[in-house]
Amino acid sequence: MPEAVIVDAVRSPMGKGKPGGALSEIHAVDLLAGVLTGLVERTGIDPGTVEDVMVGCVGQAGEQSGTPGRQAWLSAGYPVHVPSVSIERKCGSGQQAVEFAVQGVLAGMYDVVVAGGVESMSRVPMGSARMDADPHGPGVRARFPDLVPQGVAAELVADKWGLSRTALDEYAARSHERAAAAAAAGGFDDEIVPLTTPDGTVVSADESIRPGTTVEKLAGLKAVFGTDENRARLPQVDWKVTAGNSSQITDGAGAVLVMSAARAAELGLRPRARVVASAVVGDDPTLMLTGPIPATSKVLAKAGMTIDQIDAIEVNEAFASVPLAWAAEFPVAAERLNPRGGAVALGHPLGASGVRLLTTMINHLEQTGGRYGLQTMCEAGGMANATIIEVLR
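The paragraphs below set out a description of the structure included in this document. (Residues numbered from 1 in each chain as written. Predicted model: local features only at pLDDT ≥ 70, side-chain atom pairs only at ≥ 80, totals over all residues. Heavy atoms only, no water.)

## Here we look at the environment of methionine 14
Here is step 1 of the chain: Relative to the elements of secondary structure, methionine 14 occurs in the loop between strand 1 (4-11) and strand 2 (15-16).
Here is step 2 of the chain: For the pair formed by methionine 14 and isoleucine 192, sequence separation is 178 residues and the distance between their alpha carbons is 9.2 Å.
Here is step 3 of the chain: Among residues more than four places away in sequence, those in contact with methionine 14 are Ala205, Asp206, Glu207, Ser208, Thr250, Asp251, Gly252, Ala253, Leu346, Pro349 and Arg356. (Helix = DSSP H or I, 4+ residues; strand = E, 2+ residues; numbered from the N terminus. Contact = heavy atoms within 4.5 Å.)

Quick look at the structure:
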């Protein structure tokens, strides 16, 4: 059976996902095109040898409705014979794109694949694809009458695991502290592809990190989901989820070159990593954000590994309660969990986040001498992806 390897992984800077954000003037297609260009230039790969471009994108509406990977590939000036496909597994879309690319190589169907993700949340606002319609339908609502929005699910998770407001804010402050330290030390430099906005401004650093964030500052923020309606519906909830201990709405893109080991050797390319195992799970659609816990157990079992063998773990910080609940079930040393901060500080560009996590994790492992990394992320509807990688030297 062929062996699948990751030759390179890059990402854009993270821009605030609102008008005036650092990347908000860049069309979603060109946001991804810039990252694809960076990937091709870094690896020296002939773009004509790429057999497919698999791109995760959640908001497939407006500027992101026309198979954004295909449009980005054409915008970058690459050969028209290379196709693309859009993948939507909610927040795990980019991670799933990488896993599908790996699976295609392992099956012998591909030798060279680009996997990626994109989300311009300033230009295609979250929820645009719903068109104000009910995505569940009467059958699901009859079966699960207590369905709640993700932010309320984050509150339910915090209550179930006994997480205090202080614990959430402490975690959020640590995310910013770690991300700021990594940025100041140049830890993100090797993974970021600088992008140029229409007015000629070059964006080369994450806009979302807030150095100097403290628990005291975060404590002054209001619980955003504790509306009168929610309090009346769920009087038992101790409302504590704020904008400060949640992921940031962000613009971003990422791309990964996946190849068969044999083709990489033919081309003289040194792989950076390989996927050891991957897993997907479904979990309680009401709690919704707990999927990373069973996904972690499943992927470890598939790999024949224990959590103690993992050097770095990326649990997407959709809300601070998600990695904290995960850590309660997998008590690892704090420095191994999201060691360079996460979506609270760096942002969560939905379909691109899985690629961002992978890219940051590979760089962290290489720079610290680690070998194995695990990434997992919760997804709307109560799903999760989990992937274990091994850095190759």
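Okay, back to it.
## So, the packing of aromatic side chains
The description of an aromatic ring pair uses the distance of the two centres, along with the angle that the planes make with each other.
Here is step 1 of the chain: Summed over all chains, the structure comprises three aromatic pairs.
Here is step 2 of the chain: Taking the centre distance of 5.0 Å and the plane angle of 25 degrees together, the rings of tryptophan 326 and phenylalanine 330 count as stacked.
Here is step 3 of the chain: Judged by its relative accessible area of 0%, tryptophan 326 falls in the buried class.
Here is step 4 of the chain: Over the ring of phenylalanine 188 we find arginine 11, and its NZ or CZ is 5.2 Å from the ring centre. (Phe/Tyr/Trp six-rings, centres within 6.5 Å; stacked < 30°, edge-to-face > 60°. Buried < 20%, exposed > 50% of the residue type's maximum accessible area, 1.4 Å probe, protein only. Lys NZ or Arg CZ within 6 Å of the ring centre and 35° of its normal.)

## Quick look at helix 13 (residues 353-368)
Here is step 1 of the chain: Compared with the 22 Å implied by 1.5 Å per residue over 16 residues, the 22 Å span of helix 13 between its first and last C-alpha is a close match.
Here is step 2 of the chain: For helix 13, the buried fraction is high: 13 of the 16 residues fall into the buried class.
Here is step 3 of the chain: Looking one or two residues past helix 13, glycine 369 carries a phi angle of roughly 80 degrees, positive in sign. (Expected span 1.5 Å × (residues − 1).)

## Considerations on the packing of helix 10 (residues 292-303) against helix 11 (residues 321-329)
Here is step 1 of the chain: Between helix 10 and helix 11, whose axes approach to 9 Å, the crossing angle comes to 45 degrees. In terms of orientation, helix 10 lies oblique with respect to helix 11. At the point where helix 10 passes helix 11, the crossing takes the right-handed sense. Facing Pro292, Ile293 and Thr296 of helix 10, the residues of helix 11 in contact are Val322, Ala325, Trp326 and Glu329.
Here is step 2 of the chain: For the contact of helix 10 with helix 11, the class distribution of residues is five nonpolar, one polar and one charged. (Axes fitted to C-alpha atoms, helices over the stretch in contact; angles between N-to-C directions. Parallel < 35°, antiparallel > 145°, perpendicular 65-115°, else oblique. Left-handed = near helix turned anticlockwise from the far one by under 90°. Nonpolar A, V, L, I, M, F, W, Y, C, P; charged D, E, K, R; others polar.)

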